[in-house]
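Understanding the architecture of this molecule
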Amino acid sequence: MNPLSDRINNLATSQTLAMAALARELKAQGKDIISLSLGEPDFNTPDFIKEAAKKAIDDNYSTYSPVDGYQDLKEAICRKFKRDNNLEYKPSQIVVSTGAKQSLYNIAQVMLNDGDEVILPAPYWVSYYEIVKLSGGVPVEVPTSVETDFKITPEQLEAAITPKTKMMWFSSPCNPSGSVYNREELTAIAKVLEKYPNIYVVADEIYEHINFSGTFCSIGSIPGMLEKTITVNGVAKAFAMTGYRIGYIGAPEFIAKACTKIQGQVTSGANSVAQRATITAVDADPSVLNHMVQAFHSRRDLVVGLLKEIPGIKINVPEGAFYVFPDVSSFFGKTLKGTEIKDANDVSMYLLAEACVATVTGDAFGNPNCIRFSYATSEALLTEALKRIKDALAG
């Protein structure tokens, strides 16, 4: 008899983390693995933020923090939302958590009852599906494709809504596709949702500053959407603070209070030193990130250009984040160097074995025709990785 709960037995392992672990294992065996599997900036946390963290230690921020975050951090987050997103939140509508992933989990736990449906435009971030399922919700995938820049249309959204629909979750810029919804597209989505006052939106904006489109729009800034939108963000990606583990939400006050309530029973307040450093990060002018954004933009152009040279691969031009999500379905049913390729998972495993390049199957993100590459590494490594991939896919 298995003593573990059905809950954990039915939970899928994160395929991004699994592939990264496998790549590390092969590397430890002496194989020359280039890992493009994890979504982590290859930059150091900016010095001015590190200094703020050191000062917090010197100032003895070593005790428990308030469950929902320090008041002055929540005030700084409100300023950031107003400055960058045209969103008007009060500190009582902000909850600081141990990473944006905990923010998302809190939301699912306090909003979903068994059987509530959550619309997930696919591709979606790998953890959305499992977090929704773990919270009793029913994920409803709405497929998109490389031809539509991996964006959901208002017509698709309308068709997916049922009497059981409770929420829609999406990210912009999107992990894994890098797609960015513009104001016109979000307004069209909002027009559909205004007919359904009981449907809430989770807008994951953690990649907002890694954006090559020139503009960024929060769906919560569309008239009528603020009161039904939960905006999720954090400092991991833009400020290269993945290990600091700070995420946050802006939400209607009753949702913020509910998230504080559950967090008080699970983890309590987030790391005190990291919170003090985050005040400095969110108060900074986003222009301090220009060097990193420019580097990602250059790498995007490099990777897209090299992928376009590989016969059989279809690729859009992502406008944000640091991922590409090529369609590799033309290889399904083929045999490459003695390996039968049935699906995207086979492509991903083949590239690991034959090219020593770690990618992630699109199945993990709700799109079985694609694989995800992260280009959060040097141009030299990216060039070498794409050369290996091209050689391997030549069969």
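The shown structure was predicted, so the numbers you read here are calculated from the model rather than taken from an experiment. (Residues numbered from 1 in each chain as written. Predicted model: local features only at pLDDT ≥ 70, side-chain atom pairs only at ≥ 80, totals over all residues. Heavy atoms only, no water.)

Moving on, we get to the layout of surface pockets. Each pocket or cavity is described by its volume, and for the largest pocket that value is around 510 Å³. If you go around the largest pocket, you meet 25 residues; those closest to its centre are G39, K101, W125, K237 and R245. Looking at the lining of the largest pocket residue by residue, the class counts come to 11 nonpolar, 8 polar and 6 charged. (1 Å grid on protein atoms, 1.4 Å probe; cavity = no way out; pocket = protein on both sides within 12 Å on 5 of 7 lines; lining within 4 Å. Points joined across faces, edges and corners; volume = space filled by probe spheres on them. Nonpolar A, V, L, I, M, F, W, Y, C, P; charged D, E, K, R; others polar.)

Glancing now at helix α12 (residues 344-355). Given a rise of 1.5 Å per residue, 12 residues ought to cover 16 Å, and the 15 Å separating the end C-alpha atoms of α12 matches this to within 8%. Taken as a whole, α12 has its buried residues at A344, D346, V347, S348, Y350, L351, L352 and A355. With a side-chain oxygen positioned 3.2 Å from the backbone nitrogen of N345, the residue opening α12 is D343. Phi turns positive, to about 60 degrees, at C356, one or two residues after α12. (Helix = DSSP H or I, 4+ residues; strand = E, 2+ residues; numbered from the N terminus. Expected span 1.5 Å × (residues − 1). Buried < 20%, exposed > 50% of the residue type's maximum accessible area, 1.4 Å probe, protein only. Polar contact = N/O pair within 3.5 Å; in protein donor to acceptor, adjacent residues only side chain to side chain.)

Within a sheet, neighbouring strands are paired by backbone hydrogen bonds and run either parallel or antiparallel to one another. Pairing in this open sheet of 7 strands is mixed, and the strands run β2-β8-β7-β6-β5-β3-β4 from one edge to the other. Each end of this open sheet is capped by a strand with a single partner; those strands are β2 (94-97) and β4 (138-143). For this sheet, the mean angle separating the axes of adjacent strands, direction not counted, is 20 degrees. (Pairing = 2+ DSSP bridges. Axes fitted to C-alpha atoms, helices over the stretch in contact; angles between N-to-C directions.)

Attention now goes to empty space enclosed by the protein. Empty space among the atoms can be located by rolling a probe the size of a water molecule over them. If you walk through the whole model with that rule in mind, you get 3 cavities of 30 Å³ or more. Taken together, 16 residues line the largest cavity, and the ones lying closest to its centre are K80, E208, H209, F239 and Y248. Among the secondary structure elements, those contributing two or more residues to the lining of the largest cavity are α4 (71-85), β7 (229-234) and α10 (272-283). When residues of the lining of the largest cavity are assigned to their parent elements, the largest contribution, 3 residues, is made by α4.

The next subject is the UniProt feature "domain: Aminotransferase class I/classII large" (unreviewed entry) in the protein. Listed under "domain: Aminotransferase class I/classII large" (unreviewed entry) in the UniProt record, and renumbered for this structure, are residues 31-389. End C-alpha atoms of residues 31-389 are separated by 16 Å, and the span's content is 37% helix alongside 15% strand. (UniProt positions renumbered as here; feature names shortened; annotations may be inferred.)

Our next topic: the nonpolar core. In this structure, I107, M167, W169, L307 and L393 are the most contacted members of the largest nonpolar core, which totals 106 residues. Setting aside chain neighbours within four positions, we find L393 in contact with I310, I313, F331, L336, Y350 and L351. Listed in part, the 21 residues of the second largest apolar core include I152, I161, A190 and A203. (Core = buried A, V, L, I, M, F, W, Y, C linked by side-chain atoms within 4.5 Å. Contact = heavy atoms within 4.5 Å.)

Strands sit in the order β9-β14-β13 across an open sheet of 3 strands; the sheet is antiparallel. With partners counted over all chains shown, the strands left at the sheet margins are β9 (323-324) and β13 (360-361), one partner each. Sheet topology note: the β13/strand β14 (residues 371-374) ladder contains 2 bridges and is antiparallel. Looking across to β14, one finds that T361 is bridged to I371.

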